[in-house]
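So you can see what is in the structure, the chains are spelled out below.
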Amino acid sequence: MSTTATSAPCSPTASHAISEQAASTVAAALKSLADPLRLRMLSAIASDPRGESCVCDLAELADVSQPTVSHHLKVLKDAGVLVSERRGTWVWYSIDAAARPAITTLLESFAPAALTPPRDAALHLGLDDVDEALTHLASSLRSRFPGVSPDAVTGVVRESYAGLARTARITAHLVPLTERFARQRLADLTRDRAAGPPQVLFVCVANAGRSQLAAALVEQLSQGRVVARSAGSSPAAAVHPTVRPLLASIDDAAESEAFPKPLTDDAVRAADVVVTMGCGDVCPIIPGVRYEDWAVGDPALASAEGVAAIRDDIAQRVERLVAQLV
């Protein structure tokens, strides 16, 4: 077969592919997870504040017999995903420590992505005049943050745009979102800890549900006495549709202004408290910052009843946190 100057010759790279043995092992593991009830069991166990669930808890997930539940749990155990411990007449199940990073990735990143329609690649082409727009934005922000060098302001603006553009669906809104994100980052850089109100940062993988909801609840309950931020270790393209009505019920502005943002060191350093909600060890450890981990369910994957329960769970935790900070 001949080639032209515009078409490169075929260069097979089969040696770069996963080995046949590894592929068979991974496929077997994925097959053990490829069942709706098993995925719901994993989600229930992973989000249980106790870090484990008993058979009676898991049996409530579906209208099936207990032997059926036991069968699915055995499949997950045989796959090395779950471990169990008998206490009296009940058996308690938890996620195996070695498998937890993989299960977290499955539930927190892959599952929401699978529910999101593919984005049109054409939307990532960007704005024709984006360079001019970002230059103008940086110029306007320099006057608002005179304590930050002009070069640093420009760097924050361009980094903010690049971070948001990686997952943006509609680039026409990127410059206004960049202005809000960059302004937030610059405020974090210049925050006066001694004089300012306490600040909390909520972090989850996609920043499309739990962390957005928690931040909005803090703003509502604290009435401005606590500053709330949210971010994602792998932000989604948009706030999840099931969460937007919850944000609107808290505050119309919270719903209209919410957008997923990437996690930055600036936000962590500026926070008094960092609350992780599924990101594991992604957050950098900064001396003097208090860290908490809230094991709460993902509203993006929950039923209507589950979404309401998750909202109530987060609200109770937020109420306790605000009481401590103010």
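Residues numbered from 1 in each chain as written. Predicted model: local features only at pLDDT ≥ 70, side-chain atom pairs only at ≥ 80, totals over all residues. Heavy atoms only, no water.

### Brief notes about unusual backbone geometry
- Phi at Asn207 is positive, roughly 55 degrees, even though this residue is not glycine.
- Here Asn207 is to be found in the loop between strand E4 (199-204) and helix H9 (210-222).
- Even without glycine at this site, Gln223 takes up a positive phi of about 50 degrees.
- Assignment of secondary structure puts Gln223 in the loop between H9 and strand E5 (227-232). (Helix = DSSP H or I, 4+ residues; strand = E, 2+ residues; numbered from the N terminus.)

### Here we look at the sheet that holds strand E1 (residues 53-54)
- Pairing within the open sheet is antiparallel, and its three strands lie in the order E1-E3-E2. Here the strands that pair on one side only, and so sit at the sheet edges, are E1 and strand E2 (82-87).
- Both E1 and strand E3 (residues 90-95) contribute to a ladder of two bridges, which runs antiparallel. Residue pairing in the sheet places Cys54 in a bridge with Trp92 of E3.
- Of the strands in this sheet, E1, E2 and E3 touch helix H2 (residues 36-47), which is tilted by about 85 degrees from E3.
- Lying over the sheet, helix H4 (residues 66-78) contacts E2 and E3, oriented at roughly 125 degrees with respect to E2. (Pairing = 2+ DSSP bridges. Contact = heavy atoms within 4.5 Å. Axes fitted to C-alpha atoms, helices over the stretch in contact; angles between N-to-C directions.)

### Section: the packing of aromatic side chains
- For the structure on display, the rule yields one aromatic pair.
- Aromatic side chains Phe202 and Trp294 sit 5.6 Å apart centroid to centroid with 55 degrees between the ring planes, which places their arrangement in the tilted category. Here Phe202, found in strand E4, pairs with Trp294, found in the loop between strand E7 (290-293) and helix H13 (304-325); they are 92 residues apart in sequence, far enough to count as distant. Taken as a pair, Phe202 and Trp294 share a single burial class, namely buried.
- The ring centre of Phe181 lies 5.8 Å from the NZ or CZ of Arg185, which sits over that ring. (Phe/Tyr/Trp six-rings, centres within 6.5 Å; stacked < 30°, edge-to-face > 60°. Buried < 20%, exposed > 50% of the residue type's maximum accessible area, 1.4 Å probe, protein only. Lys NZ or Arg CZ within 6 Å of the ring centre and 35° of its normal.)

### Focus on the sheet that holds E5
- Read from one edge of the open sheet, four strands run E5-E4-E6-E7, paired in parallel fashion. Pairing within the sheet leaves two strands with one partner each, and these edge strands are E5 and E7. If you compare each strand with its neighbour and ignore which way they point, the axes differ by 20 degrees on average.
- Of the pairings in the sheet, the one linking strand E6 (residues 273-276) to E7 comprises four bridges and is parallel in character. Paired with Val273 across the two strands is Arg290, which belongs to E7.

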